[in-house]
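# Structural overview for review
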Amino acid sequence: MSRVDRILFDHIAIGMPKMADAAPFLAGELGGVPDNGGPSGPYTWGTYRFEGGGSIEILEPLGAPGFLHRFLAERGPGFHHVTFKVPSLADVCARAAAAGYNVVGRDESDPEWSEAFLHPKQALGIVVQFAQPGPAQGTPRPVTPPPGVPSPPRPATLLGLRMRAQSRERAMTQWGAVLEGRVADGPRGSLVFRWPGSFMRLVVEIDAVQNEGPVAIELWSPRALALPEGPHPVLGAVFTEEEA
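Because the structure is predicted, anything quoted here is derived from the model rather than measured. (Residues numbered from 1 in each chain as written. Predicted model: local features only at pLDDT ≥ 70, side-chain atom pairs only at ≥ 80, totals over all residues. Heavy atoms only, no water.)

## Some words on the sheet that holds strand β11 (residues 191–194)
For clarity, the cut-off: Any two strands between which DSSP finds at least two bridges are classified as paired. Counting from the N terminus, the helices are DSSP H or I runs at least four residues long and the strands are E runs at least two residues long. Lines fitted to the C-alpha atoms define the axes, with helices restricted to the stretch that makes contact. Angles between their N-to-C directions range from 0 to 180 degrees. Two residues qualify as a contact provided that any one of their heavy atoms is within 4.5 Å of a heavy atom in the partner residue.
The strand order across the open sheet built from 6 strands is β10-β11-β12-β9-β13-β14, with neighbouring strands paired in mixed fashion. The sheet terminates laterally at β10 (182–185) and β14 (239–241), the two strands that pair on one side only. Ignoring which end each strand starts from, the neighbouring axes of this sheet average 30° apart. Sitting on the sheet, helix α4 (residues 168–178) touches β9 (157–165), β10, β11 and β12 (201–206), and the angle it makes with β11 is about 5°.

## Overview of helix α2 (residues 67–75)
Think of an α-helix as turning once every 3.6 residues; residues three or four places apart then point the same way. Here is the rule we go by: Each residue is assigned to one of three classes by its accessible area relative to the maximum for its type, calculated with a 1.4 Å probe on protein chains only: buried under 20%, partly exposed between the two thresholds, exposed over 50%. It is the directions from the helix axis to the C-beta atoms that the arc portrays.
When α2 is considered as a whole, its buried residues turn out to be Leu68, Phe71 and Leu72. Taken around the axis of α2, the buried residues stretch over an arc of 90°, which confines them to a single face. Facing away from the buried side of α2, by more than 90 degrees, are the exposed residues Ala73 and Glu74. Those residues of α2 hidden inside the fold are in contact with β1 (8–15), β3 (43–49), β4 (55–61) and β5 (78–85).

## Notes on the packing of aromatic side chains
Keep this limit in mind: Only the six-membered ring of Trp is used, alongside the rings of Phe and Tyr, when aromatic pairs are assigned; centres must lie within 6.5 Å, and planes under 30 degrees apart are stacked while those over 60 apart are edge-to-face, with the rest tilted.
Throughout the structure, instances matching the rule amount to 7 aromatic pairs. When the centroid spacing of 4.9 Å and the interplanar angle of 15° are considered together, the rings of Phe9 and Phe84 count as stacked. Taken together, the residues Phe9 in strand β1 and Phe84 in strand β5 connect sequence positions 75 residues apart. Look at Phe9 and you get buried, because its relative accessible area is 2%. On the basis of relative accessibility, which here comes to 0%, the residue Phe84 falls in the buried class. Look at Tyr43 and Phe67: their rings are 5.5 Å apart centre to centre, the planes differ by 80°, and that puts the pair in the edge-to-face class. In this pair, Tyr43 sits in strand β3 while Phe67 sits in helix α2, placing the two residues 24 residues apart along the sequence. Relative accessible area serves as the criterion here: at 32%, Phe67 is assigned to the partly exposed category. Through pairs of rings, three or more aromatic residues link up here, namely Phe9, Phe84, Trp175, Phe193 and Trp195.

These values are about where atoms sit, not about what they do.
See below:
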């Protein structure tokens, strides 16, 4: 890995009991390319890369009960977190604390990957991971990409994630002040956050009544996509087609 010189919206993560069950849809229907992955303590992970560079990570629990086992027992499969690569973990944690967030799970023991998190109860209904990558140390770690499918279609473009917040101020604080996203007004009062150099955007609907949290992964493709109505029956997340 190598350091980054700006904040980047890196990937969207989905938790599910068995990673292999994601392949028929993410690779077989959406054309996602198995990209990276491997075991990491109480879970294993794998990423699918899409046209334009957007990435979806799948998390599968391993071994003794841990955070992912609890997540699946309480909520079932679905959105787990979003990851932002940052040039300085200390700086983004300081901004988060100054904005009133309690930073949790801060771990700088791995020189290749220092991380910290915002809890979904504070962070608009989703875990937010701050990750500061560092240079590789010693022998490269083995890579185990997730399963693919024979003769996959052309990958769809992963535009990003649609979220919901109960106030414009809460969205601006989290995605703008803490994570320094560049914001523009979107349709129907939404806010569109982008990070230069990132492959994905984040669209935030403002609704003072509805629960805060992730709404849908937004896609675009020149070919017709067979997307389920509502949450995907295996992945638990909603996928929608939007204009590029």
